[in-house]
Amino acid sequence: MAQDRFQSHDYYLMDELLTEEHKLIRSSVRDWVKKEVSPVVEEACQKATFPKQWIKGLAEIGGFGPYIPEEYGGGGLDQVSYGLIMQELERGDSGLRSTASVQSSLVMYPIYTYGSEEQRKKYLPKLASGEWMGCFGLTEPDHGSNPGGMLSNIKDKGDHFLLNGSKMWISNAPFADVAVVWAKDEQGIIRGMVLERGMKGFTTPETHGKWSLRASATGELVFDNVKVPKENIFPNVKGLKGPLGCLNSARYGIAWGAIGAALDCYDSALRYAKERVQFGKPIASFQLTQKKLAEMITEITKAQLLTWRLGVLKNENRATPAQISMAKRNNVNMALQVAREARQIHGGMGITGEYPIMRHMMNLESVITYEGTHDIHLLITGMDVTGINAFE
Ligand code: TGC
Ligand code: FAD
């Protein structure tokens, strides 16, 4: 990628709603992304590798467990700070944000929220420092949007459970040291547990051939009679609300993250439109280009307002799952549309790695599907406003 010339855009003076601490956190993450991510991200995507050196940096900037209390190694920050961190990371690359949001919201959050004190003390500090990386296994080959139908199961064997089944499409799986896994017990009740790499019968084959999120490692989790000690089961949650509760937190982070990707595309398109001359004029002087740019910044601004308000509600423990669904769906779709328009503004250059556009666009094709697809979130909103469940 050419030099990272990103400058952020704040059309509605949203910065006035942020504290000095928020702005400091945002600028330190932005600086780190410019210095450590932008110079290597294009090559990492071309080669489909996750740059492992990012782990140390992510830990240093507080990217793992920003809102987990400090006594467990987390940052003790509020939800707006978490959102801003996700925004800046995804400005760099959705795969980078994925790595951080899985670790924070899908691994640390459930251990903190559903785990025993021993589980919290054992895992959280190491996850916060990046010494251990985690993954989250909910999706199965035949159960994606409908995780309640999962087939992975545990059988009580006295002092341990025996786990069988498999998970698919699991971010961070190929290198994860621990996995938060959801499986049904003999009564058909979903239980959560922590697996550790090295447990006999537990393997994590990598998924190859992705055209999207190429800088994020994805894999399967395979459980072949894995002995899971009883102390590894989460004592404080039972049922589908366990994994779905984690998704609230991760989807919230994605709603912010998508704004980062959109801002990067818009910023690049605006600069390119002013610099690129055709028919003797900058292409920014053509009304059709101005329409694209004006609509992009309008949609970004609406998404920023939505997300900021959601952050305030989340800080007050008042954000509902349906409100989070609305923001995830709106903002990811917005970012994808912005990326597509930005690609057009860049002309042929828009398909190259000289600019971040095509990479963001391809990444967002995963983001619009994972953590609940675009249509599933629409149906969650539909259910919320009508009171009628379209899934039944
Ligand atoms: P349903 O009967 O509606 O609900 C079952 C129980 O769960 C409760 N619940 C929630 N609790 C907390 N938060 C939420 N968002 C919740 N939504 C529902 C509900 O109250 C009920 O509780 P209880 O006590 O009555 O038992 O469930 P359903 O089977 O009809 O499914 C509903 C549906 C389709 C909305 C849900 O299953 C869904 O969201 N599907 C999408 C699946 C999904 O998002 N998978 C994501 C996998 S993880 C991932 O993609 C990580 S990508 C990471 C990265 O790289 O960044
Ligand atoms: P399906 O559920 O088969 O859906 C296919 C299509 O049918 C979609 O368009 C969907 O909207 C539609 N559809 C399904 N049901 C309905 C309905 N009732 N009404 C209308 N339309 C419907 N999962 C994890 O557990 N952990 C991870 O870390 C993780 N990381 C991922 C990383 C990547 C790169 C990707 C691509 C996925 C990841 N996932 C992860 C899985 C992800 O959450 C699922 O892909 C997603 O939930 C959709 O499931 P599916 O792919 O099986 O699609």
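The structure contained in this document is the topic of the report that follows.

Attention now goes to the pairing of strand β2 (residues 153-156). With 4 bridges connecting them, β2 and strand β3 (residues 160-171) associate as antiparallel partners. Among the inter-strand pairings, Lys 155 is bridged to a residue of β3, identified as Leu 162.

For the rest of this paragraph, the subject is the site of ligand 2. Of all residues adjacent to ligand 2, which total 18 residues, the nearest are Phe 136, Thr 139, Ser 145, Trp 169 and Thr 373. Leu 138 places a polar main-chain atom, nitrogen or oxygen, 3.0 Å from an oxygen atom of ligand 2. Measuring from an oxygen atom of ligand 2, one finds a backbone N or O atom of Ser 171 at 2.9 Å. Surface burial for ligand 2 is 66%, taken as the share of its 970 Å² of free accessible area covered by protein chains. Each of domain 2 (134-232) and domain 3 (241-386) accounts for three or more of the residues forming the shell around ligand 2.

With that settled, consider the pattern of salt bridges. One pass over the structure, following the stated rule, counts 22 salt bridges. The salt bridge partner of Arg 340 is Glu 365, with a shortest N-O separation of 2.6 Å. Of this pair, Arg 340 sits in helix α8 (residues 321-345) while Glu 365 sits in helix α9 (residues 357-367); the two residues are 25 residues apart in sequence, bridging distant segments of the chain. You can call Glu 365 partly exposed: its relative accessible area is 37%. Each of Asp 4, Arg 91 and Asp 264 takes part in salt bridges that share partners, so that together they form one network.

With that settled, the discussion passes to unusual backbone geometry. If you check the backbone angles, Leu 13 has positive phi at about 55° while not being a glycine. Structurally, Leu 13 is set in the segment before α1 (20-47). Phi angles above zero are rare outside glycine, and Glu 371 is one such case at about 60°. Of note, Glu 371 is situated in the loop between α9 and α10 (374-386). Classification of Glu 371 as buried rests on a relative accessible area of 13%.

Within the structure, ligand 1 sits among 25 residues, and Ser 98, Ser 171, Asn 248, Arg 251 and Glu 371 are positioned closest to it. Measuring from an oxygen atom of ligand 1, one finds a side-chain N or O atom of Arg 97 at 3.2 Å. Side-chain polar atom of Asn 248 to a nitrogen atom of ligand 1: 2.8 Å apart, as the coordinates give it. Calculation on ligand 1 without its partners gives an accessible area of 1,100 Å², and the protein chains cover 71% of this total. Breaking the shell around ligand 1 down by element, the ones donating at least two residues are α4 (94-114) and α6 (241-275). Residue composition of the shell around ligand 1, by class: 12 nonpolar, 9 polar and 4 charged.

Cut-off values and rules
- Residues numbered from 1 in each chain as written.
- Chains lettered and ligands numbered in written order.
- Predicted model: local features only at pLDDT ≥ 70, side-chain atom pairs only at ≥ 80, totals over all residues.
- Heavy atoms only, no water.
- Pairing = 2+ DSSP bridges.
- Helix = DSSP H or I, 4+ residues; strand = E, 2+ residues; numbered from the N terminus.
- Near = heavy atom within 4 Å.
- Polar contact = N/O pair within 3.5 Å; in protein donor to acceptor, adjacent residues only side chain to side chain.
- Areas by Shrake-Rupley, 256 points an atom, 1.4 Å probe, with all protein chains shown as cover.
- Domains from an automatic or database assignment.
- Salt bridge = Lys/Arg side-chain N within 4 Å of Asp/Glu carboxyl O.
- Buried < 20%, exposed > 50% of the residue type's maximum accessible area, 1.4 Å probe, protein only.
- Nonpolar A, V, L, I, M, F, W, Y, C, P; charged D, E, K, R; others polar.

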